[in-house]
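Coordinate analysis (summary)
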Amino acid sequence: MNSPTNVSRTSYSAIASALLLFLLLNTPVNAQLSSTFYDNTCPNALNTIRTSIRQAVSRERRMAASLIRLHFHDCFVQGCDASILLSEAATSTSEQTARPNAGSVRGYEVIDAAKAEVEKICPEVVSCADILAVAARDASFAVGGPSWTIKLGRKDSTTASRDLANSDLPFFGSNVNELIANFARKGLSARDMVALSGAHTIGQAQCFTFSERINSNGSDIDAGFASTRTRGCRNANLAPLDLVTPNSFDNNYFKNLIQKKGLLESDQTLFNGGPTDSIVSQYSSSPATFKSDFAAAMIKMGDIIDPVTSQNGVIRRICSDLN
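So, a few notes on the structure that sits alongside this text. (Residues numbered from 1 in each chain as written. Predicted model: local features only at pLDDT ≥ 70, side-chain atom pairs only at ≥ 80, totals over all residues. Heavy atoms only, no water.)

1. Details of the state of the cysteines
Note on terminology: a disulfide is the covalent bond linking the sulfur atoms of two cysteines. The condition is simple: Disulfide: a pair of cysteine sulfur atoms within 2.5 Å of each other. In this text, helices come from DSSP runs of H or I with a minimum length of four residues, and strands from runs of E with a minimum of two, each type numbered from the N-terminal end. Each residue gets one of three labels from its accessible area relative to the maximum for its type: buried under 20%, exposed over 50%, partly exposed in between, using a 1.4 Å probe on protein chains only.
A complete count under the given rule lists four disulfides for this structure. With its sulfur 2.0 Å from that of its partner, Cys75 forms a disulfide with Cys80. In this structure, the disulfide formed by Cys75 and Cys80 twists by about 115 degrees around the S-S bond and is classed as right-handed. Disulfide pairing places Cys128 opposite Cys319 at an S-S distance of 2.2 Å. Negative torsions about the S-S bond denote left-handed disulfides, and the value of about -100 degrees found for Cys128 with Cys319 makes this one left-handed. Of this pair, Cys128 sits in helix H5 (residues 128–142) while Cys319 sits in the segment after helix H15 (307–312), and the two are 191 residues apart along the sequence. Taking relative accessible area as the criterion, Cys128 reaches 0% and is therefore assigned buried.

Take a look at the structure:
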């Protein structure tokens, strides 16, 4: 039989172990992230990524929108873990062929190129997930958008989920309440959602994503705008999300919504007599407020981390492949 002393020690050990497990499971994973994460292990990483992204955007300005979207579509599935970068050759559950991504998400080769440059100076140190987060920030700044301090230290996942990509990513036909709920599931507020939607001030959309809206003769779309967008609208044909300044990161997107000139249903629903009208109005009159809120929302979105990836993730040498 155990002595009282042994029982006490055994109980204490059990309690200590239980407490440690509780702390591990309930401590925010993003507390591990730090803006200085690579200062000692790869001090030139951020400059190397920035140069690579600037070159890509200078070759094609639309790429800025694509890189921001790529980061967004990554973070909404399994957290910001670079799972979207895994190709079908790497995993049969690749997110790249999910409905919201197939034929529309792009920029993979830009991230691969940035990763290759970083690997030259710091092999197997900087994660693809971090490169994707930095690329989105640098892409924003390259086209007149805000910059922000990136928290680093993410790990790359060894899995992808086509099913989660199909279920968790916002739909271009969603209404405002569906969007609010979708973002809330990721810890993002309605204001965060509206600010992040403002990324549609740059980039383009395929015709099939807005053809129903422009042909609806609805009361929530400007007739002249609909007529203009109808011309040349065929399946995968592209149209700018912001007809006024499609290549500049500004607040015209919100001005367009007030004029009933939002291209996608998920755009116009933000200003259609609902709970986000006042936010749209504020952003339309204050570009500084929009840019500040966009940067804050991007930081918050970048904190979406899957605990499994954080604990069991890797640093992929090639972003599209498993080590």
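2. Focus: the pattern of salt bridges
How we decide: The working definition used for a salt bridge is a side-chain nitrogen of Lys or Arg within 4 Å of a carboxyl oxygen of Asp or Glu.
The final tally for this structure, using the stated rule, is twelve salt bridges. For Lys115, the salt bridge goes to Glu119, with nearest N and O atoms at 3.0 Å. Of this pair, Lys115 and Glu119 both sit in helix H4 (residues 108–121), four residues apart, which is roughly one turn of that helix. Classification of Lys115 as buried rests on a relative accessible area of 1%. A salt bridge links Asp220 to Arg213, with the nearest nitrogen and oxygen atoms 3.3 Å apart. For Asp220, a relative accessible area of 13% corresponds to the buried category.

3. Let's talk about unusual backbone geometry
In the Ramachandran plot, Ala82 falls in the positive-phi region, its phi being about 65 degrees despite a non-glycine side chain. Its location among the elements puts Ala82 in the loop between helix H3 (63–75) and H4. Non-glycine residue Asn217 carries a positive phi angle of around 55 degrees. Within the secondary structure, Asn217 sits in the loop between helix H9 (211–214) and helix H10 (223–230). Under the relative-accessibility criterion, Asn217 is labelled exposed at 74%.

4. Description of the layout of surface pockets
Heads up, the rule is: Using a grid of 1 Å spacing that covers the protein atoms alone, one calls a set of points a cavity when a 1.4 Å probe fits there but cannot get out, and a pocket when the set is open and has protein on both sides within 12 Å along at least five of seven lines; lining residues are those with an atom within 4 Å of a point. Grid points are joined across faces, edges and corners, and a volume is the space filled by probe spheres set on the points. Polar here means any residue other than Ala, Val, Leu, Ile, Met, Phe, Trp, Tyr, Cys and Pro, which are nonpolar, and Asp, Glu, Lys and Arg, which are charged; Gly is therefore polar.
In this model, the largest pocket occupies a volume close to 980 Å³. Lining the largest pocket are 40 residues, with Arg69, His73, Pro100, His200 and Leu264 sitting closest to its centre. Taken together, the residues of the lining of the largest pocket sort by class into 23 nonpolar, twelve polar and five charged.

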